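Architecture at a glance
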Amino acid sequence: MFQKDLFKDKVVLVTGGRSGIGYAISQMMLELGAKVVIASRKEDLLKQAAEELSQYGECSYLACDIRESDQRTALMEKIKADNGRLDILVNNAGGQFPAPAETISENGWDAVINNNLNGTFHMSSLMARHFFIPQKEGCIINIIANIYRGFPSMVHTGAARAGVENLTKTLAVEWGDYNIRVNAIAPGTIESSGLDTYPKPVQDILGEARAAVPLKRFGTVTEIANTTCFLASPLASYISGVSLYVDGAQHLNGGDPMKLTRLMRAFTKSR
Ligand SMILES: CCCCC/C=C/C(=O)SCCNC(=O)CCNC(=O)[C@H](O)C(C)(C)COP(=O)(O)OP(=O)(O)OC[C@H]1O[C@@H](n2cnc3c(N)ncnc32)[C@H](O)[C@@H]1OP(=O)(O)O
Ligand SMILES: NC(=O)C1=CN([C@@H]2O[C@H](COP(=O)(O)OP(=O)(O)OC[C@H]3O[C@@H](n4cnc5c(N)ncnc54)[C@H](OP(=O)(O)O)[C@@H]3O)[C@@H](O)[C@H]2O)C=CC1
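Now for a description of the structure that goes with this document. (Residues numbered from 1 in each chain as written. Chains lettered and ligands numbered in written order. Predicted model: local features only at pLDDT ≥ 70, side-chain atom pairs only at ≥ 80, totals over all residues.)

**Overview of helix 4 (residues 106-135)**
How we decide: Helix and strand assignments come from DSSP, with helices taken as H or I runs of at least 4 residues and strands as E runs of at least 2, each series counted from the N terminus. One less than the number of residues in a helix, times 1.5 Å, gives the span that helix is expected to have. Three exposure classes are used, all based on how many other C-beta atoms lie within 10 Å of a residue's own C-beta (placed from the backbone): buried at 20 or more, exposed at 12 or fewer, and partly exposed between those limits. Throughout, a pair of residues is in contact if the C-beta atoms placed from their backbones lie within 7 Å.
For helix 4, built from 30 residues, the straight-helix expectation of 44 Å at 1.5 Å per residue is met to within 8% by its first-to-last C-alpha distance of 40 Å. Of the residues making up helix 4, those classed as buried are Val112, Asn115, Asn116, Leu117, Gly119, Thr120, Met123, Ser124, Met127, Ala128, Phe131 and Phe132. Buried-residue contacts for helix 4 involve strand 1 (11-15), helix 3 (69-83), strand 4 (88-91), strand 5 (138-143), helix 5 (155-174) and strand 6 (180-187). A positive phi of about 55° marks lysine 136, the residue just after helix 4.

**What to know about the site of ligand 1**
This is how it is decided: Using a C-beta atom placed from the backbone for every residue, we mark a residue as near a molecule or strand if that atom lies within 6 Å of it. In the scheme used here, Gly and all other residues not listed as nonpolar or charged are polar, with Ala, Val, Leu, Ile, Met, Phe, Trp, Tyr, Cys and Pro taken as nonpolar and Asp, Glu, Lys and Arg as charged.
Taken together, 17 residues are adjacent to ligand 1, and Gly95, Phe97, Ser105, Asn107 and Gly194 come closest. Mapped onto the shell around ligand 1, the elements with two or more residues apiece are helix 4, helix 6 (193-196) and helix 7 (200-212). Of the residues belonging to the shell around ligand 1, the class tally is eight nonpolar, nine polar and no charged.

**Some thoughts on the sheet that holds strand 4**
Backbone hydrogen bonds are what pair the strands of a sheet, in a parallel or an antiparallel way. Filter applied, for reference: Any two strands with at least two DSSP bridges between them are considered paired. Note on geometry: axes are lines fitted to C-alpha atoms, helical ones only across the stretch in contact, with angles between N-to-C directions running from 0 to 180 degrees.
Spatially, 3-2-1-4-5-6-9 is the arrangement adopted by the seven strands of the open sheet, whose pairing is parallel. Because the sheet does not close on itself, it has two edges, and the strands there are strand 3 (59-61) and strand 9 (243-246). The mean angle between the axes of side-by-side strands here comes to 20°, regardless of whether they run parallel or antiparallel. Sheet topology places strand 6 next to strand 9; four bridges connect them, and they run parallel. Bridge pairing in strand 9 links alanine 186 to tyrosine 245. Against the sheet, helix 8 (residues 221-232) engages strand 4, strand 5, strand 6 and strand 9, with an angle of about 165° to strand 6.

**Re unusual backbone geometry**
The phi angle of most residues is negative, glycine excepted, and most peptide bonds adopt the trans form. One non-glycine residue with positive phi stands out, namely asparagine 179, at about 65°. Exposure remark for asparagine 179: the 14 C-beta atoms within 10 Å place this residue in the partly exposed category.

**Remarks on the packing of helix 1 (residues 20-31) against helix 8**
The line we're drawing: Oblique is the label for any angle not under 35 degrees, not over 145, and not in the 65 to 115 range, which are roughly parallel, roughly antiparallel and roughly perpendicular in turn. Should the near helix be turned counterclockwise from the far one by less than a right angle, the crossing is left-handed, whereas a clockwise turn marks it as right-handed.
Two numbers describe how helix 1 lies on helix 8: the axes approach to 8 Å, and their chain directions differ by 50°. If you check the angle between helix 1 and helix 8, you find them oblique. In the packing of helix 1 onto helix 8, the handedness of the crossing is right-handed. Counted together, Gly20, Ile21, Ala24, Ile25, Met28 and Met29 of helix 1 and Val221, Thr222, Ile224, Ala225, Thr228 and Cys229 of helix 8 form the full contact between these two elements. Its residues placed into classes, the contact of helix 1 with helix 8 shows nine nonpolar, three polar and no charged.

Have a look at this one:
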């Protein structure tokens, strides 16, 4: 759909690029000519993904927990040593667990905030200071979630993603001085490996949730990759500071938002 060499010679970092949405983004970027670096925690799976992705172009990897400062620095140093620059950062790594708010422990809250909010900000700041600001050019895309009506069953990630939505606006303004564009994508429910990690109550409501989406289906990883490539490309050269909902209008009408919370309460009690 895009011009074949759209990202020729561009260096792209995709966090969480070993699976699901991040993998699809990495594959599409490679097919469009970019050099892609993927990073996530599980080194074996990451290595395997980088080997598979190498059939589409130049893909390298480094294990990195985005919550750990020394690991983020090692990633930045590798990109500098291998490529000397970075053009596009896709903050896709993230995750959470469904749980009624009253059951979330302090550590559970902190783990999710550190993952989705702190990890995203620190990665953006590091890459901006070392690459985008000196280059006077850069592009950041933050993958968030559908938080339009809060996020019942996942209060921690709702708060974290709202923080990222807001920092997207602030950084777009502050870093406009350096010709850095910053945007976010809010996927609705996407058919991806990520969904398989969720417990039974989530699996039980998926049919009903799918039917409640105005477009009557969940999204695909390719649809999120398409949007990422559009926002990262010159086609979007005047777009900065926006959060684009890619969700078949699910944020406007997506069924009973409390159903999962009620099921999770019953599920938690039964364990
Ligand atoms: C209709 C459904 C719509 C869905 C829309 C969204 C979909 C997606 O986002 S799909 C992508 C999902 N993928 C993932 O979420 C996978 C990644 N997730 C994680 O890695 C975890 O959720 C994590 C962020 C919490 C992992 O952090 P980590 O530091 O590795 O976690 P620990 O095991 O050390 O636990 C820390 C703390 O958190 C508590 N905790 C972890 N899991 C749960 C759980 N399922 N339920 C309750 N509490 C949990 C854990 O107990 C620890 O707290 P303490 O016990 O108090 O120490
Ligand atoms: N699928 C969906 O319906 C939706 C997904 N999202 C978000 O989109 C993103 C991708 O999700 P999806 O592909 O579906 O799910 P996956 O679970 O497949 O992807 C999550 C990726 O993030 C990596 N990751 C998680 N935590 C860390 C960390 N601390 N440091 C580095 N890497 C990490 C994981 O790798 P590893 O385990 O090796 O670290 C994995 O590659 C996530 O942020 C997710 O929350 C948002 C809305 C809906």
